[in-house]
Amino acid sequence: MPANSNQFERQSEFVKNLVAFAQQHRATHWSGAFGEFLEKILPGDPRGIARNSHQYMWDMIRWQGHETNHEGKLRYKLFADELFGIDDALERLADYFKAASAGSEVGRRLLLLLGPPSGGKSSIVILLKRGLEEYSHTDEGALYAIQGCPVHESPLHLVPYTMRPQFRETYGVEIIGDLCPLCRARLEERRIDVRNEVGDPPSHRREEKIAGDFMQMPVHRIFISEAGRVGIGTYAPHDPTTADIADLVGSVDLSKVAEYGDEGDPRAWSWSGAMYASSRGVLEMIEILKVKREFLYLLLTLTQEKNVKVSRFPLIYLDEAIIAHTNLAEFRKFLQESENEALLDRMVIIQVPYTLSYKEEARIYKKLISAATAFKEAHLDPHVLHAAAVFAILTRLHEGEDKEAEFAKKVRVHAEEDVEGVSRADAERIKAKMPDEGLGGVSPRFVINALSNAIIQSAVESLTTMDVLLAIKDAIESDARIDPKKKRKWVDFLVIARKDFYNRWVKEDVHKALFVSFEQEAQDLLNKYLDEVEATLDNRPVKDPITSEERKPDERFLRSVEEKITISDSGKQSFRQEVVRKAMGAYKRGETFALSSHARLRDAIEQYLFEQRRDVLRLVSSTTRPDEEAKQKISVVEKRLVEEYGYDAHSAREALNYVTTLLAQE
């Protein structure tokens, strides 16, 4: 019943949020003559009406909202729930639109996203396109265009050049751009047969009487739509030998030439090119470096001059942001050709590498599997995704002469974990990527494929971390694309992921599950250690809290804790002084000195407590039949693993068996 109740509450909450979303994005449709537009619409938001595509994009990103991360950097909500671990790239992307919207030369550069496969390049563009569609349905994102214009151009282009200075003085905004050939022809002709929208069937045609009076030109509100080819265009490369530039700029419509009598008549032109569709919004160029050079020059001229030259027509003004993406192999090939230097100079290149934080990588996996059918019925133990992520990060790090321990340390530093012996300055130096870090290694897709295979091959609907590591090993060994040397190295990375990460995580879970109230017992032990250390350093007795009798500090207890993390007898004094310094620092800041305050001492406390319950764990692997008391103890541990630490019955039992094996090897 509670489960059904929770499901009902979630459904009700979703419906409520959906209604609120619909009300917020309820679009107000408007249409009228240009004169009416100047009177009723323009005075309300001159700046919004006159903004260009880059300004519109930047306003959309800001409208979605932002938050500040732990480093004080802005994280925009447009990307927050979809893209993980590439905050630096997203920050540079936002900076590009911010600078372009301010009118800098950046706005005259083609934006190129560069990175390895499955690194998030396409996802970035998809989110921008979705954001534009949503924003255009709000009051803040209202867009207006000349009705029937094939490039959805701004109605302000109707204002004659001689009157634009007065317009600027009156409304405080600049008009940039010129009428397209079709709209210019509509003004010049006394009577033109025109469609309500480009592409409407003949039955929707109407006659309009403009007779040169641009104040009568019809204007309406438009809504950005990728499916409707309004404000969003996409070009994917074909075979370079057969690619036709008409896919971008259109071509003569031979069926209309006979009707209008001239191939140079704008009504006889097919305005179906991707450049026209993306006017007022964004043009996505997929694998841009695979296209012919003439395509690139066309695009770069558009970004630089905001114009396109089509045969038989004057320059066509188009306002759109161009976002292209490509992989590293194509880019390196492009760099080798000296004649491409001029093209590179007119690009803003943003690298989108793989994340180097295993925690962020695990979030990517969680997002990818949430929609996969194979994972809906399967239970994953709490360390499956993180262990797989550690392996992925190891393949992306600089392949120097680092020892195994150094590799593990780098992974933890990139995940913002405190590592003993690594200062903040050292951590920043480690996080300063080598040129090839994050640009190679396995992709999230490789790991997800291995996870899927592990589920398919599993006899039970429960996946343990060891199952996944073995599945990744099989995927490595069976992949013909990976050379033998790299295979051996990647298998070694799996060993590091198991030994230096999973072993620690699973032992911590079992440690805690062995106690009724682990956290409180650990904190009490920490407080006791601190009291004994302070008394030792001050050379004073300790008062027993129960009997009030004074006694000497318990040196045996102190050493039994410290030996768990191999603190030598000669090094105990400096370790104890460090602990007291940290405790005093926490006290001065008004904070509690807790387990998280000192990583090595936390490990020592946990191991000390674990020793007290080791006998219970050893019962799990007993060859003889355990008695009822032993069964009860084991059952309690398994139950806590399930209820409090994210395991199911199968993975809890496997975890206990695994930790028992580790104990036997110690």
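Predicted, not measured: the structure shown is a model, and the values here were computed from it.

Overview of the overall build of the chain
Scanning the chain from N- to C-terminus turns up 28 helices and 20 strands. Looking at the chain as a whole, 49% of its 666 residues qualify as buried. Of all intrachain contacts in the chain linking residues separated by at least 6 positions in sequence, the fraction that spans at least 24 positions is 71%. Carbon and sulfur atoms form 50% of the exposed surface of the chain, whose accessible area is close to 33500 Å².

Things to note about the sheet that holds strand β8 (residues 218-222)
By definition, the strands of a sheet pair up through backbone hydrogen bonds, in either a parallel or an antiparallel sense. Read from one edge of the open sheet, 3 strands run β1-β8-β5, paired in antiparallel fashion. The open sheet has two free edges, formed respectively by β1 (31-33) and β5 (143-146), since each of these has just one partner strand. Pairwise comparison of adjacent strand axes, ignoring direction, gives a mean angle of 30° for this sheet. Pairing geometry for β5 and β8, over 4 bridges, is antiparallel. Bridge pairing links Leu 143 to Ile 222 in β8.

Details of the nonpolar core
Judged by nonpolar contacts, the single largest core of 65 residues is most densely connected at Phe 37, Leu 110, Leu 248, Met 275, Tyr 276, Met 285 and Ile 288. It is helix α13 (residues 293-305) that provides the largest number of residues to this core, a total of 6 residues. If we ignore the near neighbours within four places in the chain, the residues touching Leu 110 are Ile 288, Leu 299, Leu 300, Thr 303, Ile 322, Ala 324, Arg 346, Met 347 and Val 348. Listed in part, the 47 residues of the second largest apolar core include Leu 451, Val 491, Phe 501 and Trp 505.

Focus on the packing of helix α17 (residues 384-396) against helix α22 (residues 484-513)
Between two packed helices, what matters for the description is the angle formed by their axes and the separation of those axes. Two elements in contact, α17 and α22, have axes whose closest approach is 9 Å; the angle formed by their N-to-C orientations is 140°. One finds that α17 runs oblique with respect to α22. Every pair of crossing elements has a handedness; the one defined by α17 and α22 is right-handed. Packed against α17, whose contacting residues are His 386, Ala 387, Val 390, Phe 391, Leu 394 and Thr 395, the element α22 presents Trp 490, Phe 493, Leu 494, Ile 496, Ala 497, Phe 501 and Trp 505 at the interface.

Observations concerning a nonpolar patch on the surface
A cluster of nonpolar side chains, namely Phe 14, Val 15, Leu 18 and Val 19, defines an oily patch on the protein surface of about 380 Å² accessible area. On the accessibility criterion, Val 19 (44% relative accessible area) is partly exposed.

Regarding the pairing of β8
Burial of β8 is extensive: 5 of the 5 residues sit out of reach of the surface. Bridge count for β1 against β8 is 3 bridges, and the pairing is antiparallel. Counted as the bridge partner of Ala 33 is Pro 218 from β8.

Remarks on the environment of Ala 454
In this structure, Ala 454 sits in helix α20 (residues 444-457). Residues Ala 454 and Ile 472, spaced 18 residues apart in sequence, show a C-alpha to C-alpha distance of 8.5 Å. When sequence neighbours within four positions are dropped, the list of residues in contact with Ala 454 reads Leu 463, Asp 467 and Ala 471.

Some remarks on the packing of aromatic side chains
Enumeration over the complete set of coordinates arrives at 22 aromatic pairs. Centroid distance Tyr 502 to Tyr 658: 5.3 Å. Interplanar angle 40°. Geometry classified as tilted. Here Tyr 502, found in helix α22, pairs with Tyr 658, found in helix α28 (residues 649-665); they are 156 residues apart in sequence, far enough to count as distant. Across the pair, Tyr 658 and Tyr 502 agree in class, each one buried. Taken together, Trp 30, Phe 34, Phe 37, Tyr 144 and Phe 214 form an aromatic cluster joined through their ring pairs. Positioned above the aromatic ring of Tyr 161, the side-chain terminus of Arg 164 is 4.1 Å from the ring centre. Taking the ring centre of Phe 557 as reference, the NZ or CZ of Lys 528 above it sits at 4.7 Å.

A look at the confidence of the model for the chain
With 88% of its residues at a pLDDT of 70 or more, the chain has an overall mean of 84. Below a pLDDT of 50 lies the segment residues 190-199, which in the model reaches 32 contacts outside its immediate sequence neighbourhood of four places, other chains included. Across residues 201-207, confidence stays below pLDDT 50; counting only partners more than four residues off in sequence or on other chains, it has 15 contacts.

Remarks on unusual backbone geometry
Peptide bonds are trans in most cases, and residues, glycine excluded, mostly fall at negative phi. Even without a glycine there, the phi angle at Glu 416 is positive, about 65°. For Glu 416, the location among the structural elements is in the loop between α18 (404-414) and α19 (424-431). Backbone geometry places Thr 566, a non-glycine residue, at a positive phi of 55°. Topologically, Thr 566 is positioned in the loop between α24 (555-562) and α25 (572-588). By relative accessible area, Thr 566 is classed as exposed at 69%.

Observations regarding α22
For an α-helix the count is 3.6 residues per turn, leaving residues at separations of three or four pointing the same way. If you check α22, its first and last C-alpha atoms are 42 Å apart, about what 30 residues at 1.5 Å a residue would give, namely 44 Å. Tyr 502 marks where α22 bends most, by close to 40°.

Digging into the side chain of Asn 503
With respect to the secondary-structure elements, Asn 503 resides in helix α22. Of note is the side chain of Asn 503, whose polar atom sits 2.5 Å from the side chain of Tyr 658.

Brief notes about the sheet that holds strand β15 (residues 321-326)
Across the sheet, 5 strands lie side by side as β9-β12-β15-β4-β16; this open sheet has parallel pairing. Edge positions in the sheet fall to β9 (232-235) and β16 (347-351), since each has one partner strand and no second. Neighbour-to-neighbour, the strand axes of this sheet turn through a mean angle of 20°, independent of strand direction. Sheet topology note: the β9/strand β12 (residues 282-286) ladder contains 4 bridges and is parallel. Among the inter-strand pairings, Ile 232 is bridged to a residue of β12, identified as Val 282. Against the sheet, helix α6 (residues 87-101) engages β4 (110-114), β15 and β16, with an angle of about 155° to β16.

Looking at the packing of helix α21 (residues 465-478) against α22
Look at α21 against α22: their axes get within 9 Å of each other, and the N-to-C directions meet at 170°. By the angle class used here, α21 and α22 are roughly antiparallel. Of the residues in α22, those touching α21 at Thr 465, Met 466, Leu 469, Ile 472, Lys 473, Ile 476 and Glu 477 are Lys 487, Trp 490, Val 491, Leu 494, Arg 498 and Tyr 502. Across the contact of α21 with α22, the residue classes tally to 8 nonpolar, 1 polar and 4 charged.

So, how was this worked out
- Residues numbered from 1 in each chain as written.
- Predicted model: local features only at pLDDT ≥ 70, side-chain atom pairs only at ≥ 80, totals over all residues.
- Heavy atoms only, no water.
- Helix = DSSP H or I, 4+ residues; strand = E, 2+ residues; numbered from the N terminus.
- Buried < 20%, exposed > 50% of the residue type's maximum accessible area, 1.4 Å probe, protein only.
- Contact = heavy atoms within 4.5 Å.
- Areas by Shrake-Rupley, 256 points an atom, 1.4 Å probe, with all protein chains shown as cover.
- Pairing = 2+ DSSP bridges.
- Axes fitted to C-alpha atoms, helices over the stretch in contact; angles between N-to-C directions.
- Core = buried A, V, L, I, M, F, W, Y, C linked by side-chain atoms within 4.5 Å.
- Parallel < 35°, antiparallel > 145°, perpendicular 65-115°, else oblique.
- Left-handed = near helix turned anticlockwise from the far one by under 90°.
- Patch = residues over 30% accessible without salt bridge, like charges linked within 9 Å, V, L, I, M, F, W, Y side chains within 5 Å.
- Salt bridge = Lys/Arg side-chain N within 4 Å of Asp/Glu carboxyl O.
- Phe/Tyr/Trp six-rings, centres within 6.5 Å; stacked < 30°, edge-to-face > 60°.
- Lys NZ or Arg CZ within 6 Å of the ring centre and 35° of its normal.
- pLDDT = per-residue confidence, 0-100.
- Expected span 1.5 Å × (residues − 1).
- Bend = angle between axes of the 7 residues up to and from the residue.
- Polar contact = N/O pair within 3.5 Å; in protein donor to acceptor, adjacent residues only side chain to side chain.
- Nonpolar A, V, L, I, M, F, W, Y, C, P; charged D, E, K, R; others polar.

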